[in-house]
Amino acid sequence: MPKLTRSYTGLMVWDALILIPVGVLLLLGFTGLFSTSLAAPFFSSTFFRQLIWLVLSLGLVWLLKLISPRVYMDQAYRLYALMIVLLLLTYFMPAVSGGRRWLVIGGIGLQPSEFGKIIVVLALAKFLAENQPKLERFHFALLPLAIAGGPALLIIGQPDLGTAIIFMTTAFAMMYWAGVAPMHLFVMAAPVISLLAGFNFYTFSLWMLLLVLVLYFSRSKLRWSVINFVVNASFGTLAPTLWNKLQPYQQRRILTMLDATSDPQGAGYQVLQSRTAIGSGGFFGKGLGEGTQTHLRFLPVTDTDFIIAVIGEEFGFIAILLALILYGWLLLRMIDRAATTQYRSASLTIVGFATILLVHVFVNMGMATGLMPVTGLPLPFMSYGGSFLLTCLLMIGMTHYILAVEP
Amino acid sequence: MSTAGTALLGRRNLMAAVIIILLVTIGMRFFQFQIILHDKYASYAENNSIRTVRLRAPRGIILDRNGYYLVTNRPQFNLAVIPAEVEHSLTELESLSRYLEIEPEYISNLVSAADGLYQRFQPVTLYEDVSFIQRSYIEEHRLEFPGIFFVDHTIRHYPSRARGTHVIGYLRNVAEEDFAEYRKDGYRMGDVVGFAGLEKLLERQLRGEEGYRYHLVDNLLRDLGEIPNKPTQYPVPGDSIRLALDVEMQAQGERLMEGRLGSLIVMEPTTGEIYVFVSAPDYVLGPFVGPIPQTLWEYWRDHPAKVMLNRPINGLYPPGSIYKLVAAAAALAGGRIDPAATVECNAVYQFGNRVFHCNIWPGHGVVDLKDALRLSCNIYFYKLIQQIGFEAWVEMSLMLGFGAPTGIDLPQESLGLVPTRKYMDRKYAAEGWTAGHLLNMVLGQGDLLVTPIQVVRMTAAIANGGLLVNPRLVLDPELTSRSPEAIKLPGWIWNYLQEAMYEVVNGEKGTGFRAKVPGAKIYGKTGTAQNPHGNGHSWFTGYLETEDGRQLVVTVLVEMGGLGSRVAAPLAAEVFRFYLERYPPAKEGQLAQAH
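Here goes a summary of the coordinates provided. No experiment lies behind these values; they were computed from the predicted model shown.

Digging into the overall build of chain A
Part 1 of the argument: Each helix and strand counted, chain A has 16 helices and 2 strands in total.
Part 2 of the argument: Counting over 407 residues, chain A shows a buried share of 46%.
Part 3 of the argument: Contacts spanning at least 24 positions in sequence make up 69% of the contacts within chain A whose residues lie at least 6 apart.

Side note on the nonpolar core
Part 1 of the argument: In this structure, Val-266, Ala-327 and Ala-572 of chain B are the most contacted members of the largest nonpolar core, which totals 128 residues.
Part 2 of the argument: Not counting residues up to four positions away in its chain, the partners in contact with Ala-327 of chain B are Phe-381, Leu-384, Ile-385, Trp-393 and Val-442 of chain B.
Part 3 of the argument: Judged by nonpolar contacts, the second largest core, of 107 residues, contains Leu-154, Ile-308 and Ala-319 of chain A together with Phe-30 of chain B.

Here's the deal with helix 6 (residues 138-156) of chain A
Residues and elements named next belong to chain A.
Part 1 of the argument: The terminal C-alpha atoms of helix 6, which comprises 19 residues, lie 26 Å apart, in line with the 27 Å expected from a rise of 1.5 Å per residue.
Part 2 of the argument: Along helix 6, the helix axis deviates most sharply at Leu-145, where the bend reaches about 30 degrees.
Part 3 of the argument: Looking only at helix 6, the buried set comprises Ala-141, Pro-144, Ile-147, Ala-148, Pro-151, Ala-152, Leu-154 and Ile-155.
Part 4 of the argument: Those residues of helix 6 hidden inside the fold are in contact with helix 4 (76-90), helix 5 (112-130), helix 7 (161-178) and helix 8 (182-197).

With respect to the sheet that holds strand 8 (residues 211-217) of chain B
Residue and element names in this part refer to chain B.
Part 1 of the argument: Taken in spatial order, the 3 strands line up as 1-8-9 in an open sheet, and their pairing is antiparallel. Edge strands, defined here as strands with exactly one partner in the open sheet, are strand 1 (50-55) and strand 9 (223-226). Pairs of neighbouring strands in the sheet enclose a mean axial angle of 40 degrees, with direction left out of account.
Part 2 of the argument: With 2 bridges connecting them, strand 8 and strand 9 associate as antiparallel partners.

Digging into the sheet that holds strand 20 (residues 534-545) of chain B
All names here are of chain B.
Part 1 of the argument: Spatially, the 5 strands line up as an open sheet ordered 12-11-21-20-19, and their pairing is antiparallel. Of all strands in the sheet, those bounded by a partner on one side alone are strand 12 (274-280) and strand 19 (521-531). On average, each strand axis in the sheet is tilted by 5 degrees relative to the strand beside it, whichever way the strands run.
Part 2 of the argument: Two strands pair when backbone bridges link them, and strand 20 and strand 21 (residues 551-558) are joined in this way by 8 bridges, in the antiparallel orientation. Bridging from a neighbouring strand, Ser-538 pairs with Val-558 of strand 21.

Points about the interface of chain B and chain A
Part 1 of the argument: Contact with chain B, which involves 31 residues of that partner, is made by 35 residues of chain A.
Part 2 of the argument: Those elements that place two or more of their residues in the side of chain B that touches chain A are helix 1 (2-36) and helix 2 (38-49) of chain B.
Part 3 of the argument: Here the side of chain B that touches chain A gets 20 residues from one element, more than from any other, and that element is helix 1 of chain B.
Part 4 of the argument: Tallied by class, residues from the side of chain B that touches chain A come to 20 nonpolar, 6 polar and 5 charged.

Thoughts on the pairing of strand 21 of chain B
Residues and elements named next belong to chain B.
Part 1 of the argument: Across the 8 residues that make up strand 21, a large majority, 7, are buried.
Part 2 of the argument: As paired strands, strand 11 (residues 262-267) and strand 21 are joined by 6 bridges and run antiparallel to one another. Among the inter-strand pairings, Ile-265 is bridged to a residue of strand 21, identified as Thr-555.
Part 3 of the argument: Where strand 20 folds back onto strand 21 in an antiparallel hairpin, the turn is made up of 5 residues, including Gly-549, whose phi is positive at roughly 90 degrees.

Quick notes on helix 9 (residues 201-217) of chain A
All names here are of chain A.
Part 1 of the argument: Taking 1.5 Å of rise per residue, 17 residues should cover 24 Å, and helix 9 covers 24 Å from first to last C-alpha, within 8% of that figure.
Part 2 of the argument: Listed as buried for helix 9 are Phe-204, Leu-211 and Leu-215. Along helix 9, the residues classed as buried sweep out an arc of 30 degrees about the axis, all on the same side. Away from its buried face, by an angle of more than 90 degrees, helix 9 presents the exposed residues Tyr-202, Ser-205, Leu-206, Leu-209, Leu-213, Tyr-216 and Phe-217.
Part 3 of the argument: In this fold, the buried residues of helix 9 make contact with helix 8 and helix 10 (222-244).
Part 4 of the argument: Residue Arg-219 follows helix 9 closely and has a positive phi angle near 55 degrees.

Structural notes on the environment of Glu-485 of chain B
Part 1 of the argument: Looking at where Glu-485 of chain B falls in the secondary structure, it is placed in strand 18 (residues 485-486).
Part 2 of the argument: With 84 residues separating them along the chain, Glu-485 of chain B and Gly-401 of chain B place their C-alpha atoms 9.9 Å apart.

Rules and cut-offs
Residues numbered from 1 in each chain as written. Chains lettered and ligands numbered in written order. Predicted model: local features only at pLDDT ≥ 70, side-chain atom pairs only at ≥ 80, totals over all residues. Helix = DSSP H or I, 4+ residues; strand = E, 2+ residues; numbered from the N terminus. Buried ≥ 20, exposed ≤ 12 C-beta atoms within 10 Å, placed from the backbone. Contact = placed C-beta atoms within 7 Å. Core = buried A, V, L, I, M, F, W, Y, C linked by C-beta atoms within 7 Å. Expected span 1.5 Å × (residues − 1). Bend = angle between axes of the 7 residues up to and from the residue. Pairing = 2+ DSSP bridges. Axes fitted to C-alpha atoms, helices over the stretch in contact; angles between N-to-C directions. Nonpolar A, V, L, I, M, F, W, Y, C, P; charged D, E, K, R; others polar. Arc of directions from axis to C-beta.

Structure (structure tokens):
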């Protein structure tokens, strides 16, 4: 694949197959926010504020066309360095509800970790595109993991486990797309699985058996296999120790995933109320503004983390189905375009964006139904939150501009 | 390019598969909750947001035989606030204490104590039972006290002059220790339940059925008002109960017994309807409304005069000479004696190596059975008991209803004690017992114990000619009564006893002469039961017969009152007189007209 060298015109018809799902999802999200904002005065409601953010974001996306994608794709490493600085700065900011995620500049709060999602994708795309032949070597393939892992560690410290997980999964997906051997990816991911499996003796034994079989049939070198086994075995054994180093709320959230009824006033309470909201919605929902779970405030953080529960309660399964189809449509279209684009870095960037969106959708909606732990990941195009909305729309905008570079 | 393209296509397919699998997983999860488990979660959501407010049923009211209120309900207004609404106006709130006569700090302490997330939105009662005057004052200055409101309950109210304490009984909160017992009948902790007297016995009728109102609440349990599409189920008030009691006569009875210990009971002998039921001393039920204050309850419970003892049914007394009627009945029934046969009483009776005395010096002279009852001659009965024997006496005691419950509609009636040969053998196994004990018993002393209501019932049986009725306080016989029992004795015996009782009151030197009411036909028997602790217990039992054929039994017992003829009999006369005033006999002419 040739490198991205052609001059950028900025002229191209928007891909309707990407715009339509995004537009409908935004509409659905705003309907949900409209419902949660019913009781509040209009101009201080989340609905109105999100509307302002939308206008602002669309403006910024429109302005983005003035910059050639080549600029931000080439300057990815510098942007990456800037992001690291900004992330470090958050540690000197006052804590907001138990976390230091915000950078307050002139009264406006920004989350560097949100824009960091884009920057990490750009940096990874640049690195993977430029070093493709070397990726066949295992040691070299570890470098992109470090590119994502550095900021991920800073973000875990904020603490924001969810975003850190996003960084790492995105790195894996992009590496796979860049052609890193699946066996290498397996070996890289194995310690994480060992870590999680380590909490249960039987799961861990089963996993170790599987690991040995894979190593055997892949016909790896003996030394290589032994190192692998030892690393995984020690990760699994050390897991309980590492567990105790987690924040109590993180421990609680993970445990809550296993049994939502165990902690009814904590995170489990939220999940139970979210499930109740969703389940009580039924097929057609209770109607706009009729959700008792939403409007009697049983449902927590309705605007952000649990917006899908509001939609599930008031508009029912039919709306959920619509949202899932739209997400599927958008993501498949993005992957499709990524697969057919001529430029390696453009392709990788789009896959990175798609992965970020997918993980957000899966984790957020999984969380609302108790399938995933409560990680505080918002739902793309729907959850209230300016930084995140801007990030999502910038990703869509960049996807468009990058594709426009095509001959 | 082509190999790279194929590889990319493979990766694209795998990525697409991952996307689809993850989204379908989520979709299935939503399907599970929204379609399969929808009903379950719909009811969760409903339970979340609906609070059922119980509407207590007004307890049934209690009336006397003429429809006058004995027990009613009245609203009680409690002053309450929602802490979250008054947190910033505590100073204003404190000035409420002016009207309520409580410490200002008391109010603010109560409000600040409710600082939990949920408690802050739940009403806190500042003051219970605000009086009408206090309430009007507060309502007038309402604007000065933001956030206050009144909560009304119904509580018991006793509007009558008559107290009827031991008849009515009182209520108590269902407490933790007896919750298990009440729970199955739908009571909850803190509910009131009849705990004594008719309030207890008629709990099922008086209680009514509670209603429900459905309120919408939010996550902090803040009340958001009624739910329009779930209509209120209104409570069904308890049944009104009409008693046989006459409040005016009851009030008189209570007045007569004031300052005394004992019982005064008035009953219609054929129906068993009780007009007056006094256990003295009694107490005022007023402070017992709703839940009783524990300290007050303990005060009365531990009172040395045994205020809480329901003397007519639970007081156990030797009956004294009124029990001579039983011996007389036994003698007549067995045919062992000739009622006309005489005995000479010279005040002293030698039995074995013991000397027994009569109640008057130098004795009653020559007396037959009727004379012996009229004068209450002991000597005659000493001889009589030896002729008829112990068994016949015991048998007649049981036939007249002693040693058994009378079936009165009050809980936990005592049985009294009729000593049998077996009982005596067991009790006096060591030293043995002799006919000397019998001489004591025939005078209504010794081991024999009766309750006043048993005496009433026996008197009624004599008056009505042998019908052993169940005394009843509730007018409607279907609620409580069992069927009366006829005593199998020939009619002439009842006539004989009636005549003897008439002589006691009206005959020469009859001991019951103080029960006489001019122009009325009074029957009676007095008794003075010896009491090791002081004066004898003063007894009178008798009845009135009006010109139009009505009868009314009156039994008076004054503990340690002294002579029955001096203390108990005049009290009975007062009752007879008042009854005749209230229910005067119909004139001959009216009777004729009625026929």
